[in-house]
Amino acid sequence: MAIPESQLETWSHQGAVASASAIYQRIRDALQADTTLSVRNFDVSLQGSYRNSTNIRGDSDVDVVVKLEDTFQPDYDQLDELTKAKVKAGHRDATYTLADFRRDVSSAIQRAFPNHNITEGGKSIKIPRTANNIPADVVPCLEYRLYRPPQTFLSDATYIDGIWLWDVQRNHSVISFPKQSYDNGVAKHERTNQWYKPTVRIFKNARSWMEDKGLIRIGTASSHAIECLLYNVPDEQFGRSYGSTFVNVVNWLSSADLTNFVCQNGIQRLFGDGRWTEANARAFIAGLIQMWNQWR
């Protein structure tokens, strides 16, 4: 029995945003007013599902990225030695590092939220839920510059800008491209006549339903992974109704070669480097098929 259109329509709705906006504004104002940070150039931005308008009811943690703009992390791996030397000649070693910035951001958050049990996560400073706010992850990071070779003999190397941070618990770097991800999501939403983001929300709610029913293991597919998975589905599979969109998307995914799927940023591969596995993606897709066929 198919999932009723009314159920899919309910799952398509965006969750509340006022509480996310309030905690984000409070964090941004606190950091910008902090005297220790006032001598630094940094940007505070809302990220994740709240930024992308793909949050669903029950989503809570708000991701707030705090990017230091005085220091950047370069990646020269795609440059030849001559071009690399030329680019590096224009740079100098930073005296204020990500570790310094994270320390100062953490101290600022502690001062701004004195009655909260602030804790340190691997990638973020965590503000817990209270009666007055939903939980938030404050993520200190640097600008990341992925340098690309010159297009012509006379031109200079260019770079793609992203963010770079260090997971202090797992002891490894994390690179992402939130600006490109946001822009690509907006563009796909427009190309699909506004079907893309509601569909992402349907699949996120379906994930929660499948976890509750034991069709998939908890952790099989993160919200970010689901959004990236659907980003790879051709635009023409979206539209007409939620039911037809669900069936078309799942049928296309079930027969697709997932190997070369990309993240929504269009730069990184979806699978590998600890991001996600094809096995988990296949388990998620199989769960969707089972859910549709066995719906009661």
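Everything discussed here concerns the structure shown above.
Residues numbered from 1 in each chain as written. Predicted model: local features only at pLDDT ≥ 70, side-chain atom pairs only at ≥ 80, totals over all residues. Heavy atoms only, no water.

Enquirer: Break down the nonpolar core for me, citing the residues and quoting the values.
Expert: Counting residues in each nonpolar core, the largest one holds 38 residues, and the members touching the most others are F203, L229, F246, F284, L288 and M291. Put simply, the parts of the chain that give this core at least two residues each are α1 (5-11), α7 (196-213), α8 (223-231), α9 (242-255) and α10 (278-293). Ignoring sequence-local partners within four residues, the contact set of F203 consists of I226, L230, F246, V249, V250, F284 and L288. (Core = buried A, V, L, I, M, F, W, Y, C linked by side-chain atoms within 4.5 Å. Buried < 20%, exposed > 50% of the residue type's maximum accessible area, 1.4 Å probe, protein only. Helix = DSSP H or I, 4+ residues; strand = E, 2+ residues; numbered from the N terminus. Contact = heavy atoms within 4.5 Å.)

Enquirer: Describe α7, listing the residues and the values that go with them.
Expert: Given a rise of 1.5 Å per residue, 18 residues ought to cover 26 Å, and the 26 Å separating the end C-alpha atoms of α7 matches this to within 8%. In terms of residue burial, α7 counts as a mostly covered element, since 13 of its 18 residues are buried. Where α7 ends, the next residue or the one after it, G214, has phi of about 80°, a positive value. (Expected span 1.5 Å × (residues − 1).)

Enquirer: Which residues make up the packing of aromatic side chains, and what values go with them?
Expert: The description of two aromatic rings rests on the distance between their centres and on the angle between their planes. What the rule picks out here adds up to 14 aromatic pairs. With centroids separated by 5.9 Å and ring planes inclined at 90°, the aromatic side chains of W11 and W295 adopt a geometry described as edge-to-face. Of the two residues, W11 is situated in helix α1 and W295 in the segment after α10; the sequence distance between them amounts to 284 residues. Residue classification places W295 among the buried residues on the basis of a relative accessible area of 9%. Ring centres 5.9 Å apart and planes at 80° place the aromatic pair Y196 and F238 in the edge-to-face group. In this pair, Y196 is assigned in helix α7 and F238 in the loop between α8 and α9, connecting sequence segments 42 residues apart. Summarising the burial analysis for this pair, Y196 and F238 share the class buried. Among the aromatic side chains, those forming a connected cluster through ring pairs are W11, W209 and W295. Stacked on the ring of Y196, the Lys or Arg K188 has its end atom at 5.9 Å from the ring centre. (Phe/Tyr/Trp six-rings, centres within 6.5 Å; stacked < 30°, edge-to-face > 60°. Lys NZ or Arg CZ within 6 Å of the ring centre and 35° of its normal.)

Enquirer: Any chance you could break down the packing of helix α2 (residues 18-33) against helix α5 (residues 98-112) for me, citing the residues and the numbers?
Expert: Contact geometry of α2 with α5 gives a least axis separation of 9 Å together with a crossing angle of 115°. It follows that α2 is roughly perpendicular to α5 by the angle criterion. Crossing of α2 against α5: the hand is right-handed. Contacts from R26, I27, A30 and L31 of α2 reach α5 at V105, A108, I109 and A112. Tallied by class, the residues present in the contact of α2 with α5 amount to seven nonpolar, no polar and one charged. (Axes fitted to C-alpha atoms, helices over the stretch in contact; angles between N-to-C directions. Parallel < 35°, antiparallel > 145°, perpendicular 65-115°, else oblique. Left-handed = near helix turned anticlockwise from the far one by under 90°. Nonpolar A, V, L, I, M, F, W, Y, C, P; charged D, E, K, R; others polar.)

Enquirer: Report on the pattern of salt bridges, specifying residues and quantitative values.
Expert: This structure, assessed with the given rule, holds 11 salt bridges. A salt bridge links K86 to D156; its shortest N-O distance comes to 3.2 Å. Taken together, the residues span a long stretch of sequence, with K86 in helix α4 (residues 81-89) and D156 in the loop between β5 (136-148) and β6 (158-167) at a distance of 70 residues. Where D235 meets K188, a salt bridge forms, and the shortest distance between an N and an O atom there is 2.5 Å. Of the two residues, D235 sits in the loop between α8 and α9 while K188 sits in helix α6 (residues 178-191), which places them 47 residues apart along the sequence. Among the residues examined, D235 registers a relative accessible area of 21% and is labelled partly exposed. The class for K188 is buried, based on a relative accessible area of 2%. Here the residues in one salt-bridge network are D100, R103 and D104, joined through shared partners. (Salt bridge = Lys/Arg side-chain N within 4 Å of Asp/Glu carboxyl O.)

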